[in-house]
Structure formats: structure tokens, C-alpha cells
Amino acid sequence: MSIAVQIDRNGGPEVMQLVDVQVGEPGPGEIRIRHKAIGLNFIDVYQRSGLYALPMPLKLGMEASGIVEAVGEGVTHLQVADRAAYASQPPGSYCEVRVMPAKCVCKLPDAISFETGAAMMLKGLTAQYLLRRTLPVEGLGKGDFVLFHAAAGGVGLIACQWAKALGLRLIGTAGSDAKCQLAKDNGAEFCINYSTEDFAARVKDITGGQGVKVVYDSVGKDTWDKSLDCLRPFGLMASFGNASGAVAAFAPGLLGNKGSLYVTRQTLFSHITTRERTQAMADELFDVVLSGQVKIHIDQTFALAQVQEAHRALEARKTTGCTILTL
Ligand SMILES: NC(=O)c1ccc[n+]([C@@H]2O[C@H](COP(=O)([O-])OP(=O)(O)OC[C@H]3O[C@@H](n4cnc5c(N)ncnc54)[C@H](OP(=O)(O)O)[C@@H]3O)[C@@H](O)[C@H]2O)c1
């Protein structure tokens, strides 16, 4: 048996309930993992609220670390007693123990704690595919400007540090002066408080009127229009989230008028479809964490039973860096 967080309808944090569930043996391609820590992500909010519609009842959570307890037929990269961590579908990581596909589960290096492992997989693999694989047609090189919204958040603080390590000039945005300072302390060269400042005007100023090569935008509705104005010709609008709400439909002619811009909507789950690709991305993430180039900030910790409180804090923009749920 395991305690798990389940919803039977979409709604606010109150719809999340702790339930007892039966946990069986892993089938082919699966493992059973006993969690040590669980990562909280904004996608959990979208799945709970119904912005991303999934069948009910639904167990929540996409990220965790733990110890492998049992291994199904055909799984060769993991063994019983291995330390492991993952970002993975299907949801269901808010629990003590679960059976799940092994494909996206990676061995966790000994020097990375379970807490850090749980905090960094979904957010760190996202930062990896954004900065390393979601590139403008002209490429990205040392000294190039990029704009990264919500720079003091979970994905944001990892991206600030990783961008600096890559030699990029990252301009962040965040919702308070304190969050802006945190982003700058973690490698953002500039950070704009978009609650009080016109970020498009500031980006134009900072870049001498040129604009940035890429905007990485997870805020969505509230930042979309102005973000297009931050791009230089042939720049890339990389949308990867909707913390403020979904982006409205738009006519592609707009992209021509603004300098033949490119737009992409990315999701991690297109990048981690194979074991090999997932491991290659995780290896890069482990390297930057183990070398100290990227520090994983766990700024909030809640017990699993306090999951409603954790969601409220995340949605109210009261968190910075990563948040974990403990068992
Ligand atoms: N597509 C993918 O593959 C993928 C993968 C991982 C994450 N994501 C997305 O990346 C974003 C960051 O994820 P995360 O888990 O690290 O969360 P997070 O950045 O720690 O939290 C979200 C942040 O968004 C900002 N925000 C702006 N407007 C908001 C609003 N109306 N309501 C709530 N927050 C708002 C807040 O920062 P400020 O107060 O500074 O504005 C808030 O702290 C999310 O949108 C998530 O969905 C996408």
C-alpha cells in the first residue's frame, strides 16, 4: 500500500486528497520505486485545475527521487537498490511508492542528494532542452542576448546559471525586486521587474535597440504580446508554459510584420521519448550540477500531507527556486 495524492475532479488545491492505493509488481519495462523526495512543478497545477485535461480519477506529480525496489522484465539500466530520479509521465509521483515505466528513470549520482534529485529533474531537463536544443535559426553563441521570463522560479534559476555557464547574456524578468536580485545573484546579467517596468522597452534599451535572439516564455498570456517586441529579426519565440493563462490564438502575419519571427511551443515530453535521449540530457544536467556550475535551490519544503499548501504558495507566486514535498 502507498499514500498517494489523487483528484476526482478539477478545481483548486482543495480537490487534492490523500488516498491509500495498492501498489503491485512491475510489469515489462517498469520498475517499482520507493520515493525519498518529490518535486513540485507548475504542470501539476495545470493538471489539477484542468488547463491540461486528463482522465479522472487522476494521481498527480511528475518528478521524484528514491530507491528502486523491484525491476520488471527487460529493464537493464536499473537494478534493485539503485538510487534514482526522474521526470516522467504518467503523473503520479505524489506518493510513497509507485510502479512506473523505467524509460525516463535515471540512476542518480551518489554525490547528488535525494532532495536535489527530486527538485531538479523536470526543471533541469527543461532548462537543458531550452538552452541547448531550442535555438534560433542563426544559432546561439557566447555573448548573445536571450530573455527568460520568471527567472527566479524553479526552471528560471537553473536557466540563469546554465546560460551564464554557456556564455549567454541572460536578461531575466520576475515579479518583485527581491526576485530580480535573486536571479542576478544566480547569473542573470539583467533582471527586469515586469510588475513595475515595461519589459519590452527595457530589453530594447539593454540591447541597444537590437532585441534578443530568443525569448523563453513560460508565463504565457500576460507576456506573449510584448515578448514578440523583444525579438530581433528572425528571432525565436520559445513558448513553454502558461503560468498566467493560455496564449490566445494569433494570425501568423503578425510574425512577418515583426521581423520574420519564428515561434515554437515546446514540451519536455517530446524530448524524453527514448531512454537514450533522456539519459543524454540527464548526463548534461548531472555534469553542470556536479561541477558546481548550477546549484539547485530548494527554497521551500512541505510534507506530502501539506500538498494543498504547497500548491497555494506556487500559484500565489510566493515561491522562488525549487519546492519539494517530503515523506
Ligand atoms: N513545457 C515544458 O516542457 C515545461 C517544463 C517545465 C516547466 N514548464 C513551465 O515553466 C514554468 C516554470 O515552471 P516551475 O515549475 O519552475 O514554476 P515557477 O517558475 O517556480 O513558478 C511559476 C512562476 O511564474 C511566474 N508567474 C507569472 N505570472 C504568474 C501568474 N499569473 N500566476 C502564477 N505565476 C506566475 C511567477 O514568478 P514571478 O512572480 O517572478 O512572475 C511564478 O513564481 C511554468 O509555466 C511551467 O509550466 C514547462
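Anything mentioned here points back to the structure above.
Residues numbered from 1 in each chain as written. Predicted model: local features only at pLDDT ≥ 70, side-chain atom pairs only at ≥ 80, totals over all residues. Heavy atoms only, no water.

1. Some remarks on empty space enclosed by the protein
Item 1. For the coordinates displayed, the defined rule picks out one cavity of 30 Å³ or more.
Item 2. Its boundaries defined by the atoms lining it, the largest cavity holds a volume of some 30 Å³.
Item 3. Contributing to the lining of the largest cavity are Pro136, Val137, Glu138, Lys213, Arg232, Pro233, Phe234 and Gly235.
Item 4. Of the residues forming the lining of the largest cavity, the biggest block, four residues, is contributed by strand β13 (residues 231-239).
Item 5. Within the lining of the largest cavity, the residues separate by chemical class into four nonpolar, one polar and three charged. (1 Å grid on protein atoms, 1.4 Å probe; cavity = no way out; pocket = protein on both sides within 12 Å on 5 of 7 lines; lining within 4 Å. Points joined across faces, edges and corners; volume = space filled by probe spheres on them. Helix = DSSP H or I, 4+ residues; strand = E, 2+ residues; numbered from the N terminus. Nonpolar A, V, L, I, M, F, W, Y, C, P; charged D, E, K, R; others polar.)

2. Looking at the nonpolar core
Item 1. Judged by nonpolar contacts, the single largest core of 56 residues is most densely connected at Met121, Tyr216 and Leu268.
Item 2. For this core, the element with the highest residue contribution is helix α2 (residues 114-133), accounting for 11 residues.
Item 3. Ignoring sequence-local partners within four residues, the contact set of Leu268 consists of Ala87, Leu122, Leu125, Thr126, Tyr129 and Met281. (Core = buried A, V, L, I, M, F, W, Y, C linked by side-chain atoms within 4.5 Å. Buried < 20%, exposed > 50% of the residue type's maximum accessible area, 1.4 Å probe, protein only. Contact = heavy atoms within 4.5 Å.)

3. Comments concerning the layout of surface pockets
Item 1. Here the second largest pocket is characterised by a volume of approximately 160 Å³.
Item 2. Taken together, Val21, Gln22, Val23, Lys59, Pro90, Pro91, Gly92, Cys95, Val97, Arg98 and Val99 make up the full set of residues lining the second largest pocket.
Item 3. In terms of residue class, the lining of the second largest pocket is made up of seven nonpolar, two polar and two charged.

4. Brief notes about the packing of aromatic side chains
Item 1. Applying the stated criterion across every chain, the model contains five aromatic pairs.
Item 2. On the numbers, 4.7 Å between centres and 55 degrees between planes, the contact of Tyr46 with Tyr52 is tilted.
Item 3. A residue is classified by how much of its surface remains accessible, and Tyr46, at 7% relative accessible area, is buried.
Item 4. Summarising the aromatic geometry, the rings of Phe148 and Tyr216 are spaced 5.5 Å apart at their centres and angled 35 degrees between planes, so their arrangement reads as tilted. In this pair, Phe148 is assigned in strand β9 (residues 145-148) and Tyr216 in strand β12 (residues 212-217), connecting sequence segments 68 residues apart. The same class applies to Phe148 and to Tyr216, which are both buried.
Item 5. Grouping aromatic residues by their ring pairs yields a cluster made of Phe42, Tyr46 and Tyr52.
Item 6. Of note, Arg83 hangs over the ring of Phe114, and the distance from its end group to the ring centre comes to 4.3 Å. (Phe/Tyr/Trp six-rings, centres within 6.5 Å; stacked < 30°, edge-to-face > 60°. Lys NZ or Arg CZ within 6 Å of the ring centre and 35° of its normal.)

5. What to know about the pairing of strand β3 (residues 30-39)
Side-chain direction in a regular strand flips from residue to residue, so the side chains alternate between the two faces of the sheet.
Item 1. The buried fraction of β3 is high, at seven of 10 residues.
Item 2. Note: β3 against strand β7 (residues 97-101), five bridges, orientation antiparallel. Bridge assignment links Arg32 to a residue of β7, and that residue is Val99.
Item 3. For β3 and strand β5 (residues 63-71), the ladder comprises seven bridges, and the chain directions are antiparallel. Looking across to β5, one finds that Ile31 is bridged to Val71. (Pairing = 2+ DSSP bridges.)

6. With respect to the environment of Arg232
Item 1. Along the polypeptide, Arg232 turns up in strand β13.
Item 2. Residues in contact with Arg232, not counting those within four places in the same chain, are Glu138, Gln210, Gly211, Val212, Lys213 and Leu261.

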